[in-house]
Amino acid sequence: MKRRLTKPVFVGKVQVGGGAPVSVQSMTNTDTRDIPATISQINELAAGGCQIIRVAVPDREAAEALPLILKEINIPLIADIHFDYRLALAAIGAGVDGLRINPGNIGGREKFKEVVAAARERNVPIRIGVNAGSLEKELLARDGGVTAAAMVESAVRHIKMLEELNYTSIKVSLKASDIPLMLESYRLLAGLTDYPFHIGVTEAGTIRYGTIKSAVGIGILLNEGIGDTIRVSLTGDPRHEVRAGLDILKSLGIRKRGVELISCPTCGRTQIELVKIAEEVEEKLQGLDKPLKVAVMGCMVNGPGEAREADIGIAGGKGVGIIFRKGKVIRKVVEAKLVEELLKEVELL
């Protein structure tokens, strides 16, 4: 797919836009003032494939925690700031790699100019975060509610504010929980600017439904070439956000990190404990960084043929199964050892 050409912006060492691979972000759900807990969660997310992390900075104590956190992590850190420009200045002074702010609620134009000057001095990019739930009142009144046109106008206003200050290290997000609204907003803005986009479905919901909504919304935009960095917003452990984000990229062939598991639906021919085996394989290979396709198929009749694109796979029979590579059978294995033998083959690849 042809991706929208955007300007490059650097969040720490991670390039966003300008043809760089689409990156996966998340946000901590720890209290930023709890330094050990926040460091631990960030490092766990990084180990799972998160490339950029964001933390809430609601007060001075949280801002003062940032230098200590930054010393113990190895991925770029973005400070999420609302209402108080002094917190943005403190975060920049602490050495953060990016800011997420709403220029309209940071304290007025003069204070905003102060933040931009500090960001320019330290080469800190700013994400303009437009959200369907916090649009300017006059835009809501004009359009009779939240519309894509209003969201795009809000973003354009904020972009112009930054450009008038000769600042162009900008990323933009137009998030909504309503997928058609989110899609229309990003599509409209894509024709008006070449700044990189942070895309996502905000307040997507619980892990199950929120993952589905995010996959649909983010997946459609990415398939249209729109989007430079993504965040899956879920109610729950942020590790699920990272996994879902990586899986979205993997399913579209945009990024090949880790194992892609292929498994068939159960049917009347299935004679092994397919669900249990597939879940065990998925769990065992969760942390593997090799770009592999691994198949777990329910029967030996169609298994190797249907999953011939898999690098390695297994197919079950009655009490026995086969291991196959690129559709060719390697050997038979008793059912109890299928997973064990499959993992041995994965190690050899």
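Right above here is the structure, for reference.
In what follows, the accompanying structure is described. What you see is a predicted model; the values in this text were computed from it and never measured.

Overview of the overall build of the protein chain
Part 1: The secondary structure content of the protein chain amounts to twelve helices and 15 strands.
Part 2: In terms of overall dimensions, the protein chain has C-alpha extents of about 75 × 45 × 30 Å along its principal axes.
Part 3: Here the protein chain holds 349 residues, and 53% of them are scored as buried.
Part 4: Of the contacts formed within the protein chain by residues at least 6 apart in sequence, a portion of 62% connects residues at least 24 apart.
Part 5: Put simply, the protein chain shows about 15800 Å² of open surface, and 51% of that area lies on carbon and sulfur atoms.
Part 6: Charged side chains in the protein chain number 47 positive and 43 negative. The centres of these two groups are separated by 4 Å.

Quick word on the packing of helix α6 (residues 148–164) against helix α7 (residues 179–190)
Part 1: At a minimum axis distance of 8 Å, the contact between α6 and α7 shows a crossing angle of 45 degrees. Put simply, α6 runs oblique to α7. In terms of crossing hand, the pair formed by α6 and α7 is right-handed. Where α6 abuts α7, its residues A148, A149, M151, V152, A155 and V156 lie against L181, E184, S185, L188 and L189.

Quick look at the packing of aromatic side chains
Part 1: All told, the structure shown has one aromatic pair when counted by the stated rule.
Part 2: Centroid distance Y186 to F197: 5.6 Å. Interplanar angle 55 degrees. Geometry classified as tilted. Placement of the pair is Y186 in helix α7 and F197 in the loop between α7 and β9 (198–199), with a sequence separation of eleven residues.
Part 3: F197 sits in the buried class, given a relative accessible area of 0%.
Part 4: The aromatic ring of F197 is capped on one face by R4, whose charged end is 3.7 Å from the ring centroid.

A short note on the sheet that holds strand β13 (residues 312–316)
Part 1: In space, the five strands of this open sheet follow the order β11-β12-β13-β14-β15, with mixed pairing throughout. Either end of the sheet is taken by a strand with one partner, and the two such strands are β11 (259–263) and β15 (328–334). On average, adjacent strands in this sheet sit at an angle of 20 degrees to one another, irrespective of strand direction.
Part 2: Here four bridges tie β13 to strand β14 (residues 320–325), and the two strands are oriented antiparallel to one another. Bridging from a neighbouring strand, G313 pairs with F324 of β14.
Part 3: Of the strands in this sheet, β11, β12 (292–297) and β13 touch helix α10 (residues 274–284), which is tilted by about 160 degrees from β12.

Regarding the nonpolar core
Part 1: Judged by nonpolar contacts, the single largest core of 82 residues is most densely connected at L77, I81 and L99.
Part 2: Among the elements that line this core, the one with the most residues is α6, at eight residues.
Part 3: Not counting chain neighbours up to four residues away, the residues in contact with L77 comprise I42, I53, V55, L66, I69, L70, V96, D97 and G98.
Part 4: Of all hydrophobic cores here, the second largest spans 26 residues; its members include C264, V296, M297 and V339.

Observations concerning the sheet that holds strand β5 (residues 77–80)
Part 1: Here eight strands make up an open sheet; going across it, the order is β8-β7-β6-β5-β4-β3-β10-β9 and the pairing parallel. A single partner strand is all that each edge strand has here, and the edge strands are β8 (170–175) and β9.
Part 2: Bridge analysis of strand β7 (residues 126–131) against β8 gives six bridges, and the strand direction is parallel. Counterpart to V130 in the pairing with β8 is L174.
Part 3: Taken strand by strand, α7 contacts β8 and β9, and its axis lies near 150 degrees from that of β8.

Quick look at the packing of helix α2 (residues 60–71) against helix α3 (residues 85–94)
Part 1: It is at 9 Å that the axes of α2 and α3 come closest, and there the two elements cross at 15 degrees. Our classification of the angle between α2 and α3 gives roughly parallel. In this structure, the crossing between α2 and α3 has a hand that is right-handed. Contact with α2, carried on its side by R60, A63, L66, P67 and L70, involves R86, L87, A90, A91 and A94 of α3 and no other residues of that element.

Reading the values: rules and limits
- Residues numbered from 1 in each chain as written.
- Predicted model: local features only at pLDDT ≥ 70, side-chain atom pairs only at ≥ 80, totals over all residues.
- Heavy atoms only, no water.
- Helix = DSSP H or I, 4+ residues; strand = E, 2+ residues; numbered from the N terminus.
- Buried < 20%, exposed > 50% of the residue type's maximum accessible area, 1.4 Å probe, protein only.
- Contact = heavy atoms within 4.5 Å.
- Areas by Shrake-Rupley, 256 points an atom, 1.4 Å probe, with all protein chains shown as cover.
- Lys, Arg positive; Asp, Glu negative; His and termini not counted.
- Charge placed at Lys NZ, Arg CZ, Asp CG, Glu CD.
- Axes fitted to C-alpha atoms, helices over the stretch in contact; angles between N-to-C directions.
- Parallel < 35°, antiparallel > 145°, perpendicular 65-115°, else oblique.
- Left-handed = near helix turned anticlockwise from the far one by under 90°.
- Phe/Tyr/Trp six-rings, centres within 6.5 Å; stacked < 30°, edge-to-face > 60°.
- Lys NZ or Arg CZ within 6 Å of the ring centre and 35° of its normal.
- Pairing = 2+ DSSP bridges.
- Core = buried A, V, L, I, M, F, W, Y, C linked by side-chain atoms within 4.5 Å.

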